[in-house]
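As a plain string of letters, each chain reads:
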Amino acid sequence: MYQPLADQLRPESLDEVYGQEHILGKGAVLRRLIDSGKVPNMIFYGPSGTGKTTVANIIAKQTNRALFQLNATTASTADIKNIVSQLDTFMAPNGVLLYLDEIQSFNKKQQQALLEYIENGKITLIASTTENPYFYVFNAILSRSTVFEFKQLSPDAVLQAVERAVRFLEERTALKANCEEGVLAYISSACGGDLRKALNAVEVLFSAGVPQGDSVTLTLEDAKAVTQKSAMRADRDGDNHYDLLSALQKSIRGSDPDAACHYLARLLEVGQMQSACRRLMVIAAEDVGLAYPMIIPIVKSCVDMALMLGMPEARIPLGDAAVLMATSPKSNTGHIALDSALADIRKGKTGDFPRHLQNMHADSHTMEREQGYLYPHDYPHSWVKQQYLPDALVGTQYYTYGDNKLEQAAKQYWDAIKEG
């Protein structure tokens, strides 16, 4: 029976798990918990192929517990009851370790069915998810579990496993691998931190390679063909998708054009151009704003052009927009002023309109002047001092000029007029 290479090389001890030293290294919290044998209910959160299932298997082995595995996308409450029925039998004398993959796919009723059994300790739950558990797992489960985050593996960590896989296949096939320069490094980086994907690529290269005597050649061209696009996560509805958008905005806000291009490229590579376009327009108003007001129609034009062109040409105007905003002066004073005003409105701080601002349903300025309204265009510099805020808010300041060149120029202009 066929067994994937990734399963054949699955680590049997914590020391063999790659890239999770922050939780499994000597002295790390999860490592100490496992070594103690007193394992609590846990949620493993992280990308695919980072070792979550492997660690669950190791825990079951070290704690002498029967391991049951369910995938929440296909499992039901009946499956849980079936596992419960085996408690205190010769099948599970020391209790049960339930590994529930993709727990976010369980609805509230199904998750509640677990509570009774994980509270009395007969079932130790290790749930895994690729989505942020604080968004997708119900509080009743979260409050009874400890969350451990598995990090995406670095190319260097993946490379160690890839080299081990090559040695294993050489021994199994009795064929020497002639690897073209850079082929193993390419596989290690192109897998997007998914170790399973990398090992699958190595296995396919070996299987597809044409033996020449006692050797087989692994080519870079074949490696590119089997890895194809990287395994970056960017599910439109997933947490990682919003992490990408957040990283793009924060990079532009932080005036880092290189990081801005990196995150924009990741969004475009996984087909999320429309999301990128929407976020770029938000950034134009929110982060550049009044420091360079013309950025708003410029970015809108870039977005319109991108949507009309489609990929791959759309990358050109979108790249221009991202770099231009990253290298532009920044100001958030406009929307901060409005947010402050909204906060007061929601607190009930309103008040009547000043009489001279009310609409008198008249076309002539005469009736407005009878209200006491002073028409600014009748005065020098089109400005005259009068009250605009309601009486209850007189003296309130929402807007503060930013320290960029444009807003400071406006401040200097109005200070001279209003104080003159």
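Each remark here, short or long, concerns the structure printed above.
What you see is a predicted model, and the numbers here were worked out from it, not measured in a lab.

So, on to helix α3 (residues 29-36). Looking only at α3, the buried set comprises L30, R31 and I34. Here the buried residues of α3 occupy an arc of 100° about the axis, which is enough to place them on one side. On its buried face, α3 sits against α2 (21-24), β1 (42-45), α4 (52-62) and β5 (146-149). Just past α3, the residue G37 takes up positive phi, approximately 80°.

As a further point, take the packing of aromatic side chains. Considering all chains together, one arrives at 3 aromatic pairs under this definition. Taking 5.0 Å as the distance between ring centres and 70° as the angle between the ring planes, the aromatic pair formed by Y399 and Y401 counts as edge-to-face. Note on Y399: relative accessible area 27%, which makes it partly exposed. Taking relative accessible area as the criterion, Y401 reaches 28% and is therefore assigned partly exposed. For the ring pair Y413 and W414, a centre distance of 5.0 Å and an interplane angle of 85° mean the geometry is edge-to-face. Residue placement shows K224 over the ring face of Y186; its charged tip is 6.0 Å from the ring centre.

Here the focus is the nonpolar core. Of all hydrophobic cores here, the largest spans 27 residues; its most connected members are V158, V162, I187, L195, V202 and F206. Contributions of two or more residues to this core are made by α1 (5-8), α9 (155-173), α10 (183-190), α11 (195-208) and β7 (215-218). If you tally residues by element for this core, the top one is α11, at 7 residues. Setting aside chain neighbours within four positions, we find F206 in contact with V166, L169, E170, T173, L175, A177, V216 and L218. The next biggest cluster of nonpolar side chains, apart from the first, holds 26 residues, and it includes L264, A276, C302 and V303.

Taken together, the 5 strands give an open sheet; going across it, the order is β2-β3-β4-β1-β5, and neighbouring strands pair in parallel fashion. Only two strands of the sheet have a single partner each, and these edge strands are β2 (66-71) and β5. Here the average twist between neighbouring strands, direction ignored, is 20°. Sheet topology note: the strand β3 (residues 96-101)/strand β4 (residues 123-129) ladder contains 6 bridges and is parallel.

Conventions we followed
- Residues numbered from 1 in each chain as written.
- Predicted model: local features only at pLDDT ≥ 70, side-chain atom pairs only at ≥ 80, totals over all residues.
- Heavy atoms only, no water.
- Buried < 20%, exposed > 50% of the residue type's maximum accessible area, 1.4 Å probe, protein only.
- Helix = DSSP H or I, 4+ residues; strand = E, 2+ residues; numbered from the N terminus.
- Arc of directions from axis to C-beta.
- Contact = heavy atoms within 4.5 Å.
- Phe/Tyr/Trp six-rings, centres within 6.5 Å; stacked < 30°, edge-to-face > 60°.
- Lys NZ or Arg CZ within 6 Å of the ring centre and 35° of its normal.
- Core = buried A, V, L, I, M, F, W, Y, C linked by side-chain atoms within 4.5 Å.
- Pairing = 2+ DSSP bridges.
- Axes fitted to C-alpha atoms, helices over the stretch in contact; angles between N-to-C directions.

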